[in-house]
Amino acid sequence: MSKNFNSPNFIQPLNIANVISAGMRLYRSHLKKYFLIALKAYVWLLVPIYGWVKFSALSALISRLSFGELVNQPESVSEGERFVNSRLWDFFVTMILMFAIGLCIGIVFILLCGLLIGISAVLGLQDGNVASIIIYSLIVLIFVIISCTGILWIGIRFYLVDVPLAIEDDVNGSSTINRSWELTKGNVGRILLISLIGFLITIPIQFIIQIVTTIIGLIFTTLLKEGDPIFSTIFFLYYGLSFVGGALILPFWQTVKAVVYYDLRSRHEGLGLQLRDYDI
């Protein structure tokens with residue numbers, strides 16, 4: 001699957017099947033390496049604030065390494081980690097800004113929904129008939145659907161927010177958000193479909209991990225008392241399995257992100273690079 005993006009004949013984006021396929025092949029080819037990075041990232045989640053920033057940086061590191069493979073410029077884990085570690089402050093800024101954006105969107109959504117529901121309820125009660133109540137309820141439902149669609153659209157525009165920060169030299173904690181918004185313009189539907197297919201692919205792994213952790217939880221919770229050292233061991237095993245499950249899935253999402261990022265940059269900016277044939 002070698003495509004020359006510098007060719008004038010190439011005017012269409014990679015199709016969705018190619019994006020998923022490229023992500024899967026990268027994932028399989030480097031599973032051990034990416035899994036260890038992801039597991040390290042999940043362990044950092046136990047440390048508040050700084051650990052969360054490290055999780056974001058290490059997750060983005062997987063995308064950086066994947067992108068390097070795509071453009072025939074591979075680098076070692078240590079080299080890539082040095083780069084993302086040099087930008088931990090920028091990852092922190094991005095995390096704060098994204099939290100603020102999400103919080104603002106959530107508050108506006110709740111306020112508008114509350115206002116519309118309140119107005120509809122008052123008008124419906126004033127009219128005093130079932131037809132009016134149904135009409136106002138439908139108006140509220142349509143508003144909620146449109147709002148949720150809008151929130152999903154905005155969320156997809158921020159799909160790549162961590163990737164430019166881990167790859168490009170001239171971005172920082174705030175400009176990487178604008179970069180994601182710019183690159184995803186006109187591609188919301190494709191990215192949504194890619195994410196949906198990716199989610200379906202990861203369901204078996206999530207299902208198996210969920211079954212195992214549920215069985216362990218049910219068996220040992222009923223057999224052991226809290227405070228027992230054996231119970232503590234099982235408790236950590238329970239959450240350790242959850243971390244392992246997450247560490248198996250995270251690299252897949254990050255490799256797919258890298259392929260999407262490569263594709264969008266190629267079409268928007270003409271990278272002039274050849275997509276590496278997948279003997280990687």
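See the structure above.
This structure is a prediction, so every number in the text was calculated from the model and none was measured. (Residues numbered from 1 in each chain as written. Predicted model: local features only at pLDDT ≥ 70, side-chain atom pairs only at ≥ 80, totals over all residues. Heavy atoms only, no water.)

Draft legend 1. Here's a closer look at the overall build of the protein chain. Counting its regular elements, the protein chain contains ten helices and zero strands. The N-to-C order of helical and strand elements in the protein chain reads α-α-α-α-α-α-α-α-α-α. In the protein chain, which comprises 280 residues, the share counted as buried stands at 39%. Looking at the protein chain alone, contacts between residues at least 24 apart form 77% of all its contacts between residues at least 6 apart. (Helix = DSSP H or I, 4+ residues; strand = E, 2+ residues; numbered from the N terminus. Buried < 20%, exposed > 50% of the residue type's maximum accessible area, 1.4 Å probe, protein only. Contact = heavy atoms within 4.5 Å.)

Draft legend 2. Local environment of a nonpolar patch on the surface. A contiguous nonpolar surface patch, about 880 Å² in accessible area, is contributed by Leu 193, Leu 196, Phe 199, Leu 200, Ile 203, Phe 207, Ile 208, Ile 211, Val 212 and Ile 215. Note that Val 212 resides in helix α9 (residues 188–223). Given the relative accessible area of 34%, Val 212 is considered partly exposed. (Patch = residues over 30% accessible without salt bridge, like charges linked within 9 Å, V, L, I, M, F, W, Y side chains within 5 Å. Areas by Shrake-Rupley, 256 points an atom, 1.4 Å probe, with all protein chains shown as cover. Salt bridge = Lys/Arg side-chain N within 4 Å of Asp/Glu carboxyl O.)

Draft legend 3. Geometry of unusual backbone geometry. In the Ramachandran plot, Ile 49 falls in the positive-phi region, its phi being about 60° despite a non-glycine side chain. Turning to its location among the elements, Ile 49 is positioned in the loop between α2 (31–44) and α3 (50–70). Accessibility expressed as a relative area gives 44% for Ile 49, which makes it partly exposed. Its identity is not glycine, yet Asn 72 carries a phi of approximately 60°, on the positive side.

Draft legend 4. How the structure looks around helix α4 (residues 77–85). Buried within α4 we find Gly 80, Glu 81, Phe 83 and Val 84. Angularly, the buried residues of α4 cover 160° about the axis, an arc narrow enough to put them on a single face. (Arc of directions from axis to C-beta.)

Draft legend 5. Quick look at the layout of surface pockets. Of the voids in this model, the largest pocket is the one considered here, and its volume is about 340 Å³. Lining the largest pocket are 17 residues, with Phe 158, Tyr 159, Val 161, Asp 162 and Lys 257 positioned closest to its centre. When contributions to the lining of the largest pocket are tallied by element, the ones reaching two or more residues are α3, α5 (88–127), α6 (130–157), α9 and α10 (229–269). Its residues assigned to classes, the lining of the largest pocket comprises nine nonpolar, six polar and two charged. (1 Å grid on protein atoms, 1.4 Å probe; cavity = no way out; pocket = protein on both sides within 12 Å on 5 of 7 lines; lining within 4 Å. Points joined across faces, edges and corners; volume = space filled by probe spheres on them. Nonpolar A, V, L, I, M, F, W, Y, C, P; charged D, E, K, R; others polar.)

Draft legend 6. Examining the environment of Ala 247 more closely. Position of Ala 247 relative to the elements: it lies in helix α10. Note on Ala 247: relative accessible area 0%, which makes it buried. Sequence separation between Ala 247 and Leu 36 is 211 residues, and the spatial gap between their C-alpha atoms is 7.6 Å. Not counting residues up to four positions away in its chain, the partners in contact with Ala 247 are Phe 35, Ala 38, Leu 39 and Tyr 42.

Draft legend 7. View of the packing of aromatic side chains. Per the counting criterion, the structure on display carries ten aromatic pairs. A ring pair is formed by Trp 89 and Phe 92, whose centres lie 5.4 Å apart and whose planes are at 35°; its orientation type is tilted. Taken together, the residues Trp 89 and Phe 92, both in helix α5 and three residues apart, mark about one turn of the helix. When its relative accessible area of 61% is taken as the criterion, Trp 89 is described as exposed. Ring pairing ties together the aromatic residues Tyr 27, Phe 252 and Trp 253, which thus form one cluster. (Phe/Tyr/Trp six-rings, centres within 6.5 Å; stacked < 30°, edge-to-face > 60°.)

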